[in-house]
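Fold and geometry: a report
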Amino acid sequence: MEAPGPVTRAAARKRAPTIPEEPERRPGQRRPRRRIEEQEEAVFREVVSFTPEPLPARYYDKDTTKPVSFYFSSLEELLAWTPDVEDSFNVALEPSECRQPPLSSQRPRTLLCHDMMGGYLDDKFIQGSAARSPYCFYHWQCIDIFVYFSHHTVTIPPVGWTNAAHRHGVCVLGTFITEWKDGAQLCEAFLAGDERSYRAVADQLVLIAQFFRFDGWLVNIENSLSPAAVGNVPHFLRYLSAQLHQRVPGGLVLWYDSVVSSGQLKWQDELNQHNRVFFDACDGFFTNYNWREEHLERMRGPAGGRRADVYVGVDVFARSRVVGGQFDTHKSLELIRKHGFSAALFAPGWVYECLEKKDFFQNQDKFWALLERYLPTHSICSLPFVTSFCLGMGTRRVRYGQEEAVGPWYHPSAQEIQPLFAEHRLEEDGRGWVRTSCCLADAWHGGSSLLIRGVIPPEVGPVAVRLFSLHVPVPPKIFLSLVYKLEGPSAVEVALELTTGDAGSCHVGGLWTLDETSSRHSPRPLRVPPTKLARWVGRCGQQLHGGWVQRCYEVNLRGCLLGDLLVSFARPAGSREEASFVCRLGEIQVVDADSLLRPLPRVQAVTVSRVRWQSEEEEEGGAPARLRLSCTLHWSYLLSPIRCFRIHCLPGSGGGSPHGGPPGPDKPVLLGLAFVNQYRVVELPVAAAGPGRDGRVHFLVEPVPKEGFLVPQAEWGRAALLYSLPQL
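Bear in mind the structure is a predicted one, so any value in this text is a computation, not a measurement. (Residues numbered from 1 in each chain as written. Predicted model: local features only at pLDDT ≥ 70, side-chain atom pairs only at ≥ 80, totals over all residues. Heavy atoms only, no water.)

Brief notes about the nonpolar core
Counting 158 residues, the largest nonpolar core has Phe-176 and Phe-236 as the members making the most contacts within it. When residues of this core are assigned to their parent elements, the largest contribution, 9 residues, is made by strand S26 (residues 549-570). If we skip the residues at most four places from it in the chain, Phe-236 touches Phe-176, Phe-190, Leu-191, Tyr-198, Val-201, Ala-202, Leu-205 and Val-219. Counting 40 residues, the second-largest nonpolar core is a separate cluster that includes Val-611, Ile-647, Phe-675 and Leu-684. (Core = buried A, V, L, I, M, F, W, Y, C linked by side-chain atoms within 4.5 Å. Buried < 20%, exposed > 50% of the residue type's maximum accessible area, 1.4 Å probe, protein only. Helix = DSSP H or I, 4+ residues; strand = E, 2+ residues; numbered from the N terminus. Contact = heavy atoms within 4.5 Å.)

Here you go:
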């Protein structure tokens, strides 16, 4: 039975019902439509109107109303900001993954400063776009810190970058920059007065990082300062750093080499007595780019025991007088590491901006391969560990081997954990080799897979390719899964391998030890999957869609650390011939057996709000034959066990189907992916309601657990929108 409540805009103004789990509203924003409980499905009523309430311009693309990431261009905007429900689109899924060594270790680090064509390009679309050839970064295991840089006063990293970086244990910083005459006036406004002014700015910067779940700021003052203003800069940096450390675990504040202690804008290309006061007040110092080795030698004194906190700038575009940039960037890295400093690679998107787009992946792999020896990797130290090697882009979308949609897509938040990319020579004469690379031509889940090609000479035994570095205290029982596909008439055997370390007294079960002198093992295949784990292991050992094969393994460990994950290739037993192979990896999973038995929370309290209608075409008499619906879905769910949400629709009775006929109840249409508890439906085609009849569209919110198993549709969140034309 329908609960009492408003069904028209006029009635909505007269009565304001209370909606359970209602998201926070701004003054003047309408409440979501009245909810009716109907077999656990929330139902909302809407009278179609073509005069919608305006959407706040900062949060939505003006042409499509798609949610977008944003920045602040002035001090006034920064100080006026308070968290709003619209801001939630841009919140990262979770903090950075645990990693080893921690960022706080004194091992020299690698910082990537992403500066591309002003920023906020295709990456600004929070729910993804149909970009055909977007920039994509995937060598995450080689870097420690990612800075999103633009020339806007307050650059908030687009959430897709934060989600991808955090998944790899990489810290993400925004940029606070002032420049030119306007920048000098801005600095005078908040730095030349008393502490209340600079503390107010620092408090807002901390609140922004905390709310959006990124990790701190690069502070870049590129204009001269008055004596009063420059005198307060160390106090500002010290206060900003202290507050950030208190509210954002692992937070960082870095200072860029620009202004000196006299207030002059005078790049030093080194840490010295003219700028050390700023270094002493924050977490690190990012040098300008025109240094020589003598600058590095001189810096060793001022840096003292904090050499790893000095990030020596390398302009990959090789502008001005630099040691090495472009494909000679390794020359700069060699000197930086020789003297024990961290490196800051500025604009490595040079390979995308300046070289042929069609060769982007080859050029990017070449660039990072040249730096490999100078880039220490880090390890991920938490379970579950699951990746389908998806780059967050593709030419089609695939789900477990079955094609879901055709056409280009780009969604950085959907990028999964990426491996170590490398080329390995097996013999000095070059006859044997193995090479890993991205592959958009085929996918098991998402838009891409990992392509491994190689040649194994007759005199070479099995070849193991190291893909991931882990540092995980292993629970008593873990399950592993490998999905792969061999191309062509290859006879090689494919197996998953792992290494273990001693976390006390390491006991190993369910493994073949490959070498008694090493810790490398091959897990034994899972012959009879436990009944309780059917939802996870249902495909094990089977030939799957598209020619993929899944192998599952059970491993019993006690007192061990899980180290590297490798995949090995071997000729069949007794074969002495050269073996060439082409193998695609579709997925690797390492999960705690106990986590597979824990019940998942349900998606609850799905609401529909911010409804907008557009008329697509008209029938005779002026009535619309088809409509386009935009609205915001919001729901309640504990995010920690989730990989993402898949948002579906089911056009229902009354309105019919926008595709020419009602799909069955088991055929929901995928709208997109969400990585927070809300999603903006944009211009969804729906049939107009007939005279005296309601149109109906159902929305379904499918949670996707980190462990990768399918959640039954009965456990998805559901809401329905009933709509009718206004009575004449």
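So, next bit.
A few points about the pairing of strand S13 (residues 342-346)
Taking burial as the measure, the 5 residues of S13 include 5 buried ones, the bulk of the element. Burial along S13 is two-sided: Ser-342, Ala-344 and Phe-346 and Ala-343 and Leu-345, pointing in opposite directions, are all buried. Pairing analysis gives 4 bridges linking strand S5 (residues 110-114) to S13, with the strands arranged parallel. Bridge pairing links Leu-112 to Leu-345 in S13. Inspection of the sheet shows strand S12 (residues 310-315) paired to S13 by 5 bridges, in the parallel sense. Considered in S13, the bridge of Val-312 is made with Ala-343. Once the chain exits S12 it traverses helix H9 (residues 329-338) before rejoining the sheet at S13, and the crossover so formed is right-handed. (Pairing = 2+ DSSP bridges. Right-handed = clockwise from strand over helix to strand, strands pointing away.)

Topic: the packing of H9 against helix H11 (residues 360-371)
Taken N-terminus to C-terminus, the directions of H9 and H11 make an angle of 25°; their axes are 9 Å apart at the nearest point. For the element pair H9 / H11, the angle class is roughly parallel. Helix-helix and strand crossings are classified by hand; for H9 and H11 the assignment is right-handed. Contacts from Thr-329, His-330 and Leu-333 of H9 reach H11 at Phe-367, Leu-370 and Leu-371. Classifying every residue of the contact of H9 with H11 gives 4 nonpolar, 2 polar and no charged. (Axes fitted to C-alpha atoms, helices over the stretch in contact; angles between N-to-C directions. Parallel < 35°, antiparallel > 145°, perpendicular 65-115°, else oblique. Left-handed = near helix turned anticlockwise from the far one by under 90°. Nonpolar A, V, L, I, M, F, W, Y, C, P; charged D, E, K, R; others polar.)

With respect to the pairing of strand S22 (residues 477-486)
Judged by how many residues are buried, S22 sits mostly within the fold: 8 of 10 residues are covered. Note that S22 and S26 share 8 bridges and pair antiparallel. Residue pairing in the sheet places Val-483 in a bridge with Gln-550 of S26. Sheet analysis places S22 next to strand S27 (residues 579-592), joined by 9 bridges and oriented antiparallel. Bridge assignment links Leu-480 to a residue of S27, and that residue is Val-590.

Observations concerning the packing of helix H4 (residues 180-191) against helix H6 (residues 227-247)
For the pair H4 and H6, interaxial distance at closest approach is 9 Å and the crossing angle is 65°. When the interaxial angle is binned, H4 and H6 end up roughly perpendicular. Both H4 and H6 take part in a crossing whose hand is left-handed. Mapping the contact onto sequence places Cys-187, Glu-188, Phe-190 and Leu-191 in H4 and Ala-228, Ala-229, Asn-232, Val-233 and Phe-236 in H6. When its residues are assigned to classes, the contact of H4 with H6 shows 7 nonpolar, 1 polar and 1 charged.

Concerning the pattern of salt bridges
This structure, assessed with the given rule, holds 34 salt bridges. A salt bridge links Arg-425 to Glu-423; the shortest N-O distance between them is 2.7 Å. For Glu-423, a relative accessible area of 38% corresponds to the partly exposed category. Lys-485 serves as the salt-bridge partner of Asp-442, at 2.3 Å between the closest nitrogen and oxygen. Within this pair, whereas Asp-442 is found in the loop between strand S19 (433-439) and strand S20 (449-456), its partner Lys-485 is found in strand S22, the two being separated by 43 residues in sequence. (Salt bridge = Lys/Arg side-chain N within 4 Å of Asp/Glu carboxyl O.)

Observations regarding the state of the cysteines
With the rule as written, the count across this model stands at 1 disulfide. Disulfide partner of Cys-98: Cys-381, at an S-S distance of 1.9 Å. Here the disulfide of Cys-98 and Cys-381 is left-handed, its torsion about the S-S bond being about -90°. In this pair, Cys-98 sits in the loop between helix H2 (75-80) and strand S4 (99-100) while Cys-381 sits in the loop between strand S14 (379-380) and strand S15 (385-387), placing the two residues 283 residues apart along the sequence. Residue Cys-98 is classed as partly exposed on the basis of its relative accessible area of 40%. (Disulfide = S-S within 2.5 Å.)

Some points on helix H8 (residues 293-303)
Every buried residue of H8 is accounted for by His-295, Leu-296, Met-299, Pro-302 and Ala-303. The buried residues of H8 all sit within an arc of 110° when viewed along its axis, so they share a single face. Structurally, H8 contributes buried residues whose contacts are with helix H7 (276-279), S12 and H9. Positive phi appears at Gly-304, one or two residues downstream of H8, with a value of about 55°. (Arc of directions from axis to C-beta.)

Here's the deal with H4
Between its terminal C-alpha atoms H4 stretches 16 Å, which fits the 16 Å expected from 12 residues at 1.5 Å a residue. If you check which residues of H4 are buried, you get Gly-183, Leu-186, Cys-187, Phe-190 and Leu-191. The arc enclosing the buried residues of H4, seen along the axis, measures out at 105°, which places them on a common side. Those residues of H4 that are exposed and aimed more than 90 degrees away from the buried face are Lys-181 and Asp-182. (Expected span 1.5 Å × (residues − 1).)

A few points about unusual backbone geometry
What you tend to see is this: most non-glycine residues have negative phi, and most peptide bonds are trans. In this chain, Gln-100 is followed by Pro-101 through a cis amide linkage whose omega measures -10°. Looking at the element boundaries, Pro-101 is found in the loop between S4 and S5. Pro-384 follows Leu-383 through a cis peptide bond whose omega is 5°. Note on placement: Pro-384 falls in the loop between S14 and S15. In this structure, Tyr-400 is a non-glycine residue whose phi angle is positive, near 50°. As for its placement among the helices and strands, Tyr-400 is situated in the loop between strand S16 (393-399) and strand S17 (402-410). On the basis of relative accessibility, which here comes to 8%, the residue Tyr-400 falls in the buried class. Although it is not a glycine, Ala-605 adopts a positive phi angle of roughly 55°. Given the relative accessible area of 15%, Ala-605 is considered buried.

Here we look at the environment of Arg-646
Position of Arg-646 among the secondary structure elements: in strand S30 (residues 642-651). As a C-alpha pair, Arg-646 and Tyr-679 span 33 residues in sequence and 9.8 Å in three-dimensional space. The contacts of Arg-646, once residues within four sequence positions are left out, are Arg-399, Glu-404, Leu-670, Gly-672, Leu-673, Leu-700, Val-701, Glu-702 and Val-704. One polar contact links Arg-646 to Glu-404, side chain to side chain, over a distance of 2.4 Å. (Polar contact = N/O pair within 3.5 Å; in protein donor to acceptor, adjacent residues only side chain to side chain.)

A word on the packing of aromatic side chains
Tallying each qualifying case throughout the model produces 42 aromatic pairs. Seen in terms of ring centroids, Trp-81 and Phe-211 are 5.8 Å apart; in terms of plane orientation they differ by 70°. Their pairing is edge-to-face. Remark: Phe-211 occurs in helix H5 (residues 195-212) and Trp-81 occurs in the loop between H2 and S4; sequence separation between them is 130 residues. Centroid distance Tyr-352 to Phe-360: 5.5 Å. Interplanar angle 90°. Geometry classified as edge-to-face. In this structure Phe-360 comes out as buried when scored by relative accessible area, which is 3%. Geometry around Trp-409 places Arg-397 over its ring, the cationic atom sitting 4.1 Å from the centre. (Phe/Tyr/Trp six-rings, centres within 6.5 Å; stacked < 30°, edge-to-face > 60°. Lys NZ or Arg CZ within 6 Å of the ring centre and 35° of its normal.)

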